[in-house]
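Given next are the chains, with one letter for each unit.
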Amino acid sequence: MQKTYYDPADLKKFGKISEWNEELGAKFFDYYGKVFEEGALTEREKSLIALAVSHTIQCPYCIDAYTGDGLQRGITKEEMMEALHVAAAIRGGASLVHGVQMMNKVNKLDM
Amino acid sequence: MIKSLHKRESALANSKRQLEILSNGIFQKGVLPTFKEKISETNEFPLKAKKLEILQINVGYMCNQVCSHCHVDAGPDRKEIMTRETMIQCLNVIKNTGAHTLDLTGGAPEMNPNFRWFVEEASKAGIKDFIVRSNLTIITANKKYNDLPEFFKKHNVHVVSSMPHWTRGKTDKQRGYGVFNASIEALKMLNAVGYGMPENKLRLDLVYNPSGAFLPSNQKSMEKDFKKALLEAFNIHFHNLFAITNLPISRFLDYLIASENYEDYMYALVEAYNPAAVANVMCTNTLSVSWDGYLYDCDFNQMLQLPVNSKVKHISDYNEDLLEGRNIVMSQHCYGCTAGAGSSCQGSVI
């Protein structure tokens, strides 16, 4: 029995999700594939966004996948780390911006 | 500068040891299908040689660089060099076959003392595409090589050069400290005589090899990124980018094993196996000639000491009828040429 929640080998089984619901699985993977095609943004830019989001949602599978994808696309480690700091800044900022709500509440209740 | 596997007397300098690792593996996750089994699924076995179109000549393993991924294990300490006598035998074949492409490689081919003589003689043979695989830094390495761009231009040579990335860090890590700056300088010298300029017929193509244990991405998209980055930062132009997968042999195999990436890399190659790439692999229309004149299906087979499966083994005995239709010699490294969009000396094959 696997003793950890995450097994790197499971990433390769992602496609098997469709086996228990082919219709919805197919729709998801069609959509997923389309999203990452070059459009107004390049595939490279989309890969960096995916890497940043992967860290925000703390998905180890996605981090592995988009780190590898980034290397394949020639994305440098400096670019990857900058993208990560953007994610961290937004994530930190998201907590901090709620401080306004706290301040509003304090200002309302405090004498 | 690191030394070649040969100079270090590494076990991997021995091609038999490499083949042993490739065949028996060091796999914990199961057994890899053999390449023969894999291509048999699509009735491509045995893979047969077609009419010769590309003659690739390795004029020696001597090089001024020691790249960490080099499948030739080339370097300044390698002394194998093609003699003028063997070059004459190659010229006889060039003149008597319908091959449209002559592809000179090494090592650094320019370091062969007979290199210029050979280029001058071969250029008279009316070859449609005359390629020299230059590592770029040789052009700036010594004054005696500084005129190479003019020399290439005079003989209408098609220059193909390795450039693993548009950043200094990644390039120097794979090809040695200082290689990036020297390569940029050499590219500017080539551009200055017309090579790589958009409207100019003097062809300058770059070769991209991934700088680690991963496969190349889409060739067209990489080319776009390379062009944008090199133009913006250095005003450098080139024509096409060839994306080539690193094959798990020689120094790249050494790196894969040392970094504990070998097993995963082999699985990645097998998973990326693309039956559509098999029909266009370079070994079916290419012959690779080694520095000592022996014949191989490709440069990789040459380094693994896997000669052609034919009665004809040497360029001095070249016989088109006996070589055409021969069974291509294969091993597990062939997964490298059939992964993803496929890989050849001219980049992806699909």
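Residues numbered from 1 in each chain as written. Chains lettered and ligands numbered in written order. Predicted model: local features only at pLDDT ≥ 70, side-chain atom pairs only at ≥ 80, totals over all residues. Heavy atoms only, no water.

Labelled according to an unreviewed UniProt entry, chain A appears under the name 4-carboxymuconolactone decarboxylase, originating from Confluentibacter flavum.

### Examining unusual backbone geometry
Residues and elements named next belong to chain B. What counts here: By the criteria applied, helices consist of DSSP H or I runs no shorter than four residues and strands consist of E runs no shorter than two, each listed in order from the N terminus. Each residue is assigned to one of three classes by its accessible area relative to the maximum for its type, calculated with a 1.4 Å probe on protein chains only: buried under 20%, partly exposed between the two thresholds, exposed over 50%.
Following Phe45, the chain continues into Pro46 via a peptide bond in cis, with omega recorded as -5°. Of note, the amide linkage connecting Gly106 to Gly107 takes the cis form, showing an omega dihedral of 20°. Topologically, Gly107 is positioned in the loop between β2 (101–105) and α4 (115–123). If you check the backbone angles, Asn156 has positive phi at about 50° while not being a glycine. Note that Asn156 resides in the loop between α6 (148–154) and β4 (158–162). In this structure Asn156 comes out as exposed when scored by relative accessible area, which is 51%. You will see that Gln305, though not glycine, has its phi angle at about 55°, which is positive. Counting through the fold element by element, Gln305 comes out in the loop between α13 (299–303) and α14 (320–323). The exposure class of Gln305 is partly exposed, given its relative accessible area of 48%.

### Topic: the sheet that holds strand β7 (residues 286–289) of chain B
Within a sheet, each strand pairs with its neighbour through backbone hydrogen bonds, oriented either parallel or antiparallel. Residue and element names in this part refer to chain B. What counts is decided by this rule: Here, strands pair whenever DSSP counts at least two bridges between them. The contact rule is simple, with two residues in contact once any of their heavy atoms fall within 4.5 Å. Axis definition: a line fit to C-alpha positions, over the contact stretch in the case of helices; interaxial angles, taken between N-to-C directions, run 0 to 180 degrees.
The 8 strands are arranged β6-β5-β4-β3-β2-β1-β7-β8 in an open sheet whose pairing can be described as mixed. Of all strands in the sheet, those with a lone pairing partner are β6 (241–243) and β8 (295–296), marking the two edges. Sheet analysis places β7 next to β8, joined by 2 bridges and oriented antiparallel. Across the sheet, residue Val289 finds its bridge partner in β8, namely Leu295. Each of β1 (54–58), β2 and β7 touches helix α3 (residues 84–96); the most contacted strand, β1, lies at about 170° to it.

### Structural notes on the packing of aromatic side chains
What counts is decided by this rule: Side-chain rings of Phe, Tyr and Trp, where Trp is taken by its six-membered ring, are said to pair if the distance between their centres is within 6.5 Å; with planes under 30 degrees apart they count as stacked, over 60 as edge-to-face, and otherwise as tilted. For a lysine, the NZ atom is tested; for an arginine, the CZ atom; a charge sits over a ring if that atom is within 6 Å of the ring centre and within 35 degrees of the ring normal.
Throughout the structure, instances matching the rule amount to 17 aromatic pairs over all chains. Ring centres of Phe14 of chain A and Phe29 of chain A lie 5.0 Å apart, and the angle between their planes is 75°; this geometry places the pair in the edge-to-face category. Here Phe14 of chain A is found in the segment before α1 (22–35), whereas its partner Phe29 of chain A is found in helix α1, with 15 residues between them in sequence. Residue classification places Phe14 of chain A among the partly exposed positions, given a relative accessible area of 36%. Under the relative-accessibility criterion, Phe29 of chain A is labelled partly exposed at 26%. With 5.7 Å between their ring centres and 65° between their planes, Phe180 of chain B and Phe234 of chain B make a pair best called edge-to-face. A residue pair is termed long-range when its members are at least 10 positions apart, and Phe180 of chain B in helix α8 (residues 179–192) and Phe234 of chain B in helix α9 (residues 219–234) qualify at 54 residues. Look at Phe180 of chain B and you get buried, because its relative accessible area is 2%. Through pairs of rings, three or more aromatic residues link up here, namely Phe14, Phe28, Phe29, Tyr32, Phe36 and Tyr66 of chain A. Of note, Arg116 of chain B hangs over the ring of Phe151 of chain B, and the distance from its end group to the ring centre comes to 5.0 Å.

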